[in-house]
Amino acid sequence: MQSNNQIIRFGADYFPEQWPESVWEDDIRLMKQAGVNMVSLAIFSWALLQPDEQTFNFGWLDQIMDLLAGHEIDVCLGTSTAAQPNWLTRKHPDLLFVRENGLQVAPGSRQTFCVNSPVYRDALRKLVRALAEHYAGHSALKLWHINNEYANKNGMCFCRNCETAFQEWLRSRYETLDRLNDAWGTVFWGEKYFKWDEINAPRASSGARNGTKLLDYKRFISESIHGLYTEEVNIFRELTPHIPVTTNFEGDWNKFDHALFRENLDVVSWNSYPNPLDPKARYWAAMRHAMMRSLLGKPFMLMEQAPSQVDWYPVNVSKPPGLMRLWSYQAIAHGSDSVMFFQWRASRKGAEKYHSAMVPHYGEKSRIFSEIVQLGNELKKIREIAGTGIKSRIAILMDNDSWWTVDNPYGSGSKSLDNETFWAANGQPFPSVLIRYFDELQHYFNAFHSLNAAVDVIPAHYDFSKYDIVIAPLLHMVKPGFADAVETFVGSGGTFVATYLSGLVDEYVGVFPEGYPGPLKKVCGIAVEEFDPIQPGSGNRIIMNTGSNGFQKEYHCSVCCEVVHVTEANILACFGNHYYAGYPCITENRYGKGKAYYIATRPDEVFMRDFAKMLFREMCISVRDIPETVEHSIRSHNGQSYEFYLNHGCDEVTIRLPSGQYTDLLTGELCEGILKLEQLGVSILRRMKSNEK
Ligand code: GLA
Ligand code: ZN
């Protein structure tokens with residue numbers, strides 16, 4: 001969609017149904033003033049579109065679609081399926097999802113349905129078919145917006161219906177109970193199953209549960225969510241094959257495996273809500289933008305962000321002047337072709353009335369609206385960036401199975417140091433609650449990103465052969481074929497990095513015998529005998545072995561240490577303390593034309609940066625020397641490149657530009673040599689090709 005249109009989409013979720021028609025004309029006036037060129041409609045309108053089982057009422061939506069078309073504002077049309085109408089729930093109360101504790105959710109909010117409910121799915125198909133038939137030829141319709149944030153609230157369900165569907169899913173996966181019992185290791189604690197219907201949905205029980213069963217249930221629910229999406233997509237492919245589809249993700253990849261969407265999703269979109277109080281918000285957002293870009297390897301859409309504060313933190317601070325603009329450009333810098341918001345006009349009633357909006361309660365004379373108008377009109381100057389890509393030589397691999405195995409698979413996320421809370425929140429024990437899968441990925445991402453290198457974040461089963469450096473932090477589960485792919489990659493000159501607690505288990509969560517990281521032992525040239533998680537506030541020392549190579553003599557490490565034996569590898573550093581003092585901590589193994597590193601702990605940030613710099617030197621990846629508060633990225637297409645400089649700091653900074661002439665797209669000015677950026681300032685520079693001079 002984006003590349004042909006050469007337009008940066010600017011707009012919001014728009015809920016005209018919350019307002020009298022007299023406000024609609026005013027909305028259009030303000031949208032034109034702000035440069036809005038797309039709005040998402042009908043995200044939660046099922047009850048209005050279908051007031052009872054027999055009746056569809058598209059009148060109000062026709063009216064607003066026509067009005068928008070008349071003013072050349074495109075529509076990303078929602079399917080409204082994230083909140084079913086009360087008449088449906090009333091008629092089929094068993095469509096409400098059931099929590100891990102066995103309690104059924106009460107109606108009264110959104111996303112109360114079970115993703116596998118046949119009656120919900122049946123009603124959904126009728127609605128979506130009616131929408132597709134009705135709007136297929138409408139000139140405003142440019143994109144379908146399927147559902148809304150799958151799994152935000154109903155990401156797990158343990159109802160009877162899901163239980164039966166799970167048994168069917170297991171039958172097709174294992175075929176025989178012998179295979180299932182063997183794969184799950186049910187001989188342990190006498191769990192053996194003699195009939196398929198003995199296998200319950202793994203609700204909370206008296207204590208720890210079978211990790212393989214939990215993982216399979218999570219995989220089953222994840223596929224169910226994608227199956228639900230497929231129900232809608234199939235209808236659009238049949239009736240409106242000319243209209244692309246999207247569904248807006250949350251960025252939290254734990255709830256389901258987003259890679260399942262790879263085959264039948266046209267545009268990746270997501271909702272980005274960094275916390276303005278988080279000093280690392282910039283990194284938080286950068287990594288999630290990178291994940292979205294990497295899913296299909298093309299520009300994505302920032303479908304929602306807050307113009308100022310949200311309403312779902314305990315304390316919802318506002319975004320100070322300039323921050324909304326900066327974070328909007330950050331999304332574009334990482335590959336977004338849109339800046340969209342939740343929502344257009346602040347609601348007066350309902351659950352989200354204190355959430356910020358492009359048009360706040362105060363109206364058009366507000367600070368927020370004037371920042372919106374400024375941004376919307378600026379974006380017109382950078383249209384040519386739409387459709388351009390980002391070239392990355394580095395990839396971080398993420399694997400949902402490892403994530404679900406390391407963390408609580410049901411995503412509640414509350415790993416607590418308090419024993420009682422721990423057991424209530426965690427189905428499966430793990431060596432330490434301080435070990436969090438995603439934190440580890442972010443730790444590595446931050447190191448590379450702080451040096452302004454472009455980093456892709458891709459599912460571990462994607463082809464990674466085109467990258468120069470591939471990092472697989474905390475890859476707890478190593479599935480068949482992965483080690484072969486790594487060996488081929490390293491053998492032909494790539495650099496691979498593995499970390500502690502990797503390669504412990506196979507795809508059935510069975511532990512590999514005779515040393516971790518299991519199938520990766522060969523390429524890493526090491527074998528791990530023991531792991532030793534570290535108490536909070538405590539740690540160990542990384543003592544570097546040889547000449548500096550840009551390293552300090554010593555660093556700190558924490559979270560977990562391991563007892564490592566080298567078989568082939570060189571020892572770059574050893575632990576300084578404890579009974580494994582003097583044992584390897586960081587190793588490097590030459591394998592074919594490349595190298596595999598193993599990091600047997602969680603090193604501090606200083607080490608991480610020095611390590612990243614060393615890898616860059618080895619792979620001839622140049623690092624720009626620019627102030628630390630400045631984020632830099634490059635989008636390019638057909639030899640034309642655009643350099644983004646984003647100052648996240650509170651002081652003006654000066655940046656030395658690489659030689660050449662540039663046009664600053666936002667100011668229209670030519671620049672060369674030195675770039676000054678005010679606090680929260682943004683510059684987007686188009687490099688002049690030599691023949692333009
Ligand atoms: C999510 C939802 C929106 C809205 C916003 C508020 O992203 O998709 O409908 O609730 O949160 O931040
Ligand atoms: Zn269910």
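Thresholds applied
Residues numbered from 1 in each chain as written. Chains lettered and ligands numbered in written order. Predicted model: local features only at pLDDT ≥ 70, side-chain atom pairs only at ≥ 80, totals over all residues. Heavy atoms only, no water. Axes fitted to C-alpha atoms, helices over the stretch in contact; angles between N-to-C directions. Helix = DSSP H or I, 4+ residues; strand = E, 2+ residues; numbered from the N terminus. Parallel < 35°, antiparallel > 145°, perpendicular 65-115°, else oblique. Left-handed = near helix turned anticlockwise from the far one by under 90°. Contact = heavy atoms within 4.5 Å. Nonpolar A, V, L, I, M, F, W, Y, C, P; charged D, E, K, R; others polar. Near = heavy atom within 4 Å. Polar contact = N/O pair within 3.5 Å; in protein donor to acceptor, adjacent residues only side chain to side chain. Areas by Shrake-Rupley, 256 points an atom, 1.4 Å probe, with all protein chains shown as cover. Donors = N, O, S within 2.8 Å, 3.2 Å for Na, K, Ca; no water. Buried < 20%, exposed > 50% of the residue type's maximum accessible area, 1.4 Å probe, protein only. Pairing = 2+ DSSP bridges. Salt bridge = Lys/Arg side-chain N within 4 Å of Asp/Glu carboxyl O. Domains from an automatic or database assignment. Buried area = accessible area lost by both parts, 1.4 Å probe.

Q: Even after reading the chapter, I still don't get the packing of helix α4 (residues 59-70) against helix α6 (residues 118-135), so can you show me in this structure?
A: Axis separation between α4 and α6 bottoms out at 12 Å; the angle between their running directions is 40°. In terms of axis orientation, α4 runs oblique to α6. Like other packed secondary-structure pairs, α4 and α6 cross with a definite hand, here right-handed. Residues L61, D62 and M65 of α4 touch α6, and the partners they reach there are L131, H134 and Y135. For the contact of α4 with α6, the residue count by class is four nonpolar, one polar and one charged.

Q: Any chance you could explain the site of ligand 1 here in plain terms?
A: Around ligand 1, a shell composed of F44, R110, N148, E149, N271, Y273, E304, W312, F342, E352 and H355 is seen. Here an oxygen atom of ligand 1 and a side-chain polar atom of R110 are 2.7 Å apart. A distance of 2.4 Å separates an oxygen atom of ligand 1 from a polar atom in the side chain of E352. When ligand 1 is considered free in solution it has 310 Å² of accessible area, and contact with the protein chains removes 97% of it.

Q: Is there a simple way to explain the coordination of the zinc ion (ligand 2) in this structure?
A: Ideal geometry at a metal gives 109.5 degrees between four tetrahedral donors and either 90 or 180 degrees between six octahedral ones. The coordination sphere of the zinc ion (ligand 2) contains the protein donors C114 (SG), C157 (SG), C159 (SG) and C162 (SG), at a distance range of 2.2 to 2.3 Å. Within one chain, the residues serving as donors to the zinc ion (ligand 2) are arranged as C-x42-C-x1-C-x2-C. An identical accessibility class is assigned to C157 and C159; each is buried.

Q: Explain the sheet that holds strand β24 (residues 670-671) to me, please; I cannot follow it from the model alone.
A: Pairing between sheet strands relies on hydrogen bonds along the backbone, with the strands arranged either parallel or antiparallel. Taking strand neighbours across the sheet as the criterion, the five strands line up as β20-β21-β26-β23-β24 in an open arrangement whose pairing is antiparallel. Each having just a single partner strand, β20 (630-637) and β24 make up the two edges of the open sheet. In the sheet, strand β23 (residues 662-664) pairs with β24 via two bridges, with the strands oriented antiparallel. Bridging from a neighbouring strand, Y662 pairs with C671 of β24. In the packing of helix α11 (residues 323-333) onto the sheet, the strands contacted are β20, β21 (640-647) and β26 (682-687), and the crossing angle to β21 comes to about 145°.

Q: I would appreciate a short explanation of the pattern of salt bridges in the present structure.
A: Oppositely charged side chains can form a pair if their charged atoms are brought close together. In this structure the tally under the stated criterion is 39 salt bridges. A salt bridge links E231 to R121; the shortest N-O distance between them is 3.0 Å. Of the two residues, E231 is situated in helix α9 (residues 211-239) and R121 in helix α6; the sequence distance between them amounts to 110 residues. Each member of the pair, E231 as well as R121, is classed as buried. For the salt bridge of R237 with D266, the shortest nitrogen-to-oxygen distance reads 2.9 Å. Linking R237 in helix α9 with D266 in the loop between β5 (245-249) and β6 (267-271), this pair joins segments that are 29 residues apart in sequence. When its relative accessible area of 32% is taken as the criterion, R237 is described as partly exposed.

Q: I'm lost on the domain arrangement of the protein chain in this one. Help?
A: Interface size, as often reported, equals the accessible area lost upon joining of the parts. Here the domain parsing of the protein chain yields domain 1 (9-154 + 243-382), domain 2 (394-619) and domain 3 (630-692). Contacts between the two partners involve 21 residues from domain 1, matched on the other side by 25 residues from domain 2. Summed over both partners, the interface of domain 1 with domain 2 comes to about 2,000 Å²; 57% of that surface belongs to carbon and sulfur atoms. The largest share of the area that domain 1 buries against domain 2 comes from N254, Y283 and M287, three residues that together contribute 33% of it. Taken together, the links from domain 1 to domain 2 amount to two salt bridges. Across the salt bridge formed by K280 and E605, the nearest N and O atoms sit 2.6 Å from each other. Of the residues that constitute the side of domain 1 that touches domain 2, the class distribution is 10 nonpolar, three polar and eight charged.

Q: I tried to follow the environment of N161 on my own but got confused; where do I start?
A: Here N161 shows up in helix α7 (residues 160-174). Taking the C-alpha atoms as reference, N161 lies 8.9 Å from C114; in sequence the two are 47 residues apart. N161 has contacts with C114, N116, S117 and P118, leaving out every residue within four places of it along the chain.

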